[in-house]
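Residues per chain are reported as follows:
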Amino acid sequence: MAKSKFEYVRNFETDDTCLRNCYIVVRLDGRNFHKFAEQHKFAKPNDDRALGLMTRSARSVMEELEDIVVAYGQSDEFSFVFNRSSTWFKRRASKLMTHVASQFSSSYVFYWKEFFENQPLLYPPGFDGRVVLYPSNRNLRDYLSWRQADCHINNLYNTVFWMLVQRKGLSTTQAEDRLKGTLAGDKNEILFTEFGINYNNESAVHKKGTTLIWEKRDETVIKRTKLPNGEEKDMPVTRSRRRVEAYHCDLIGEQFWEEHPDILEDDN
Ligand code: DGT
Ligand code: MG
Ligand code: MG
Ligand code: MG
């Protein structure tokens, strides 16, 4: 095809290829979800409908896009980790990030009604995205540990905060003052002595967030099969199928990674 004289404008496009051998992490975060949560009457501190919808949308991202090996979400954010050897879209950061963000956003709206039956969606939500590269398994694990530690710190704070407001009748300012300068141990103590709550018994999804990984499961279906003698018979056929499974477990220690050695590629 003959080139037009306008063709040169293509050269203004910049190269955003992600460095080879690195895990590519795309993290999405809900835009102004402080307001979004208020307007859509999210339960405080954790709304299980909202968390379920985030996880459903993340599952759609993993199923529809290529090469995502693990995803981790909490609050209004989700991180997606592409395999370090992925060549999807020639590793172009903008392509990967925008596909993740648009697939996630459209799924969030598409599945809204499944989670928020009686609460209409009042306006179109948005998500920002960023790309970060991690060159080693240690760095990637520390990244996920960082997000999970964030989940823990916020959830512990929010759990005590809303107990003080909802159960004790403190104003939000009074609850803030009460918690100023307190350490994790102090917050656990307040929960236990004032509300009879052992934080360890709080639900795992709120304490640990949600981790999505691919797992192989054997699936048996009945199939009509032709026998050598020409007869037809219903026979069970077992196939190994890959599907996305959700966990609410600790990612910081060794156990999860020892139990799922296929998620990360060897460092070398
Ligand atoms: P941004 O991300 O800079 O556009 O601003 P925000 O407002 O999204 O701030 P961010 O992402 O730091 O914090 C997440 C907000 O979402 C936070 O204000 C609390 C709210 N949120 C997330 N999950 C829940 C929930 O389950 N229940 C309630 N009530 N609020 C939630
Ligand atoms: Mg933010
Ligand atoms: Mg946000
Ligand atoms: Mg956030």
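Cut-offs applied
Residues numbered from 1 in each chain as written. Chains lettered and ligands numbered in written order. Predicted model: local features only at pLDDT ≥ 70, side-chain atom pairs only at ≥ 80, totals over all residues. Heavy atoms only, no water. Helix = DSSP H or I, 4+ residues; strand = E, 2+ residues; numbered from the N terminus. Rg over C-alpha atoms; globule rule 2.2 N^0.38 Å. Buried < 20%, exposed > 50% of the residue type's maximum accessible area, 1.4 Å probe, protein only. Contact = heavy atoms within 4.5 Å. Areas by Shrake-Rupley, 256 points an atom, 1.4 Å probe, with all protein chains shown as cover. Lys, Arg positive; Asp, Glu negative; His and termini not counted. Charge placed at Lys NZ, Arg CZ, Asp CG, Glu CD. Donors = N, O, S within 2.8 Å, 3.2 Å for Na, K, Ca; no water. Tetrahedral: all angles 85-135°; square planar, octahedral: opposite > 155°, others 65-115°. Patch = residues over 30% accessible without salt bridge, like charges linked within 9 Å, V, L, I, M, F, W, Y side chains within 5 Å. Salt bridge = Lys/Arg side-chain N within 4 Å of Asp/Glu carboxyl O. Phe/Tyr/Trp six-rings, centres within 6.5 Å; stacked < 30°, edge-to-face > 60°.

1. A word on the overall build of the chain
- Scanning the chain from terminus to terminus reveals nine helices and six strands.
- Relative to its length of 268 residues, the chain is extended, with a C-alpha radius of gyration of 23 Å against a globular reference of 18 Å.
- Overall, the C-alpha framework of the chain stretches about 70 × 70 × 45 Å when taken along its three principal axes.
- Across the 268 residues of the chain, 40% fall into the buried class.
- Long-range pairs, those at least 24 residues apart, make up 70% of the contacts in the chain between residues at least 6 apart in sequence.
- In the form shown here, the chain has an accessible surface area of approximately 16,200 Å², with 49% of it arising from carbon and sulfur atoms.
- Looking at charge distribution, the chain has the averaged site of its 39 positive side-chain charges lying 5 Å from that of its 40 negative ones.

2. Details of the coordination of the magnesium ion (ligand 3)
- Coordination sphere of the magnesium ion (ligand 3), protein contribution only: D29 (OD), G30 (O) and D76 (OD), at 2.0 to 2.2 Å.
- Coordination at the magnesium ion (ligand 3) comes from six donor atoms whose angles at the metal span 81 to 179°, giving a geometry best classed as octahedral.
- All donors to the magnesium ion (ligand 3) come from one chain, and their sequence spacing reads D-G-x45-D.
- Between the magnesium ion (ligand 3) and the magnesium ion (ligand 2), a spacing of 4.1 Å is present. Here the residue G30 occupies a position in strand β1 (residues 23–30), and D76 occupies one in the loop between β2 (68–74) and β3 (77–82), the gap between them amounting to 46 residues.
- Given a relative accessible area of 5%, G30 falls into the buried group.
- Judged by relative accessible area, which is 13%, D76 ranks as buried.

3. Describing the coordination of the magnesium ion (ligand 4)
- Within the first shell, the magnesium ion (ligand 4) binds the protein through D29 (OD) and D76 (OD), at distances of 2.1 to 2.2 Å.
- Separation of the magnesium ion (ligand 4) from the magnesium ion (ligand 2) amounts to 4.7 Å. Pair noted here: D29 is in strand β1 and D76 is in the loop between β2 and β3, with a separation of 47 residues, a long-range link.

4. Examining a positive patch on the surface
- A contiguous patch of positive charge on the surface is contributed by K3, R10, K90, R92 and K95.
- Topologically, K95 is positioned in helix α3 (residues 93–110).

5. As for a nonpolar patch on the surface
- Taken together, Y8, V9 and F12 make up a surface patch of nonpolar side chains, about 370 Å² in accessible area.
- Mapped onto the fold, F12 is located in the segment before β1.

6. Some words on the packing of aromatic side chains
- Throughout the structure, instances matching the rule amount to 26 aromatic pairs.
- For the pair W112 and F116, a centre-to-centre distance of 4.0 Å together with 10° between the ring planes defines the contact as stacked. Note on accessibility: W112 and F116 belong to one class, buried.
- On the numbers, 5.9 Å between centres and 20° between planes, the contact of Y157 with F161 is stacked. On the criterion of helical spacing, the pair formed by Y157 and F161 is a turn pair, its members being four residues apart in helix α5 (residues 137–166).

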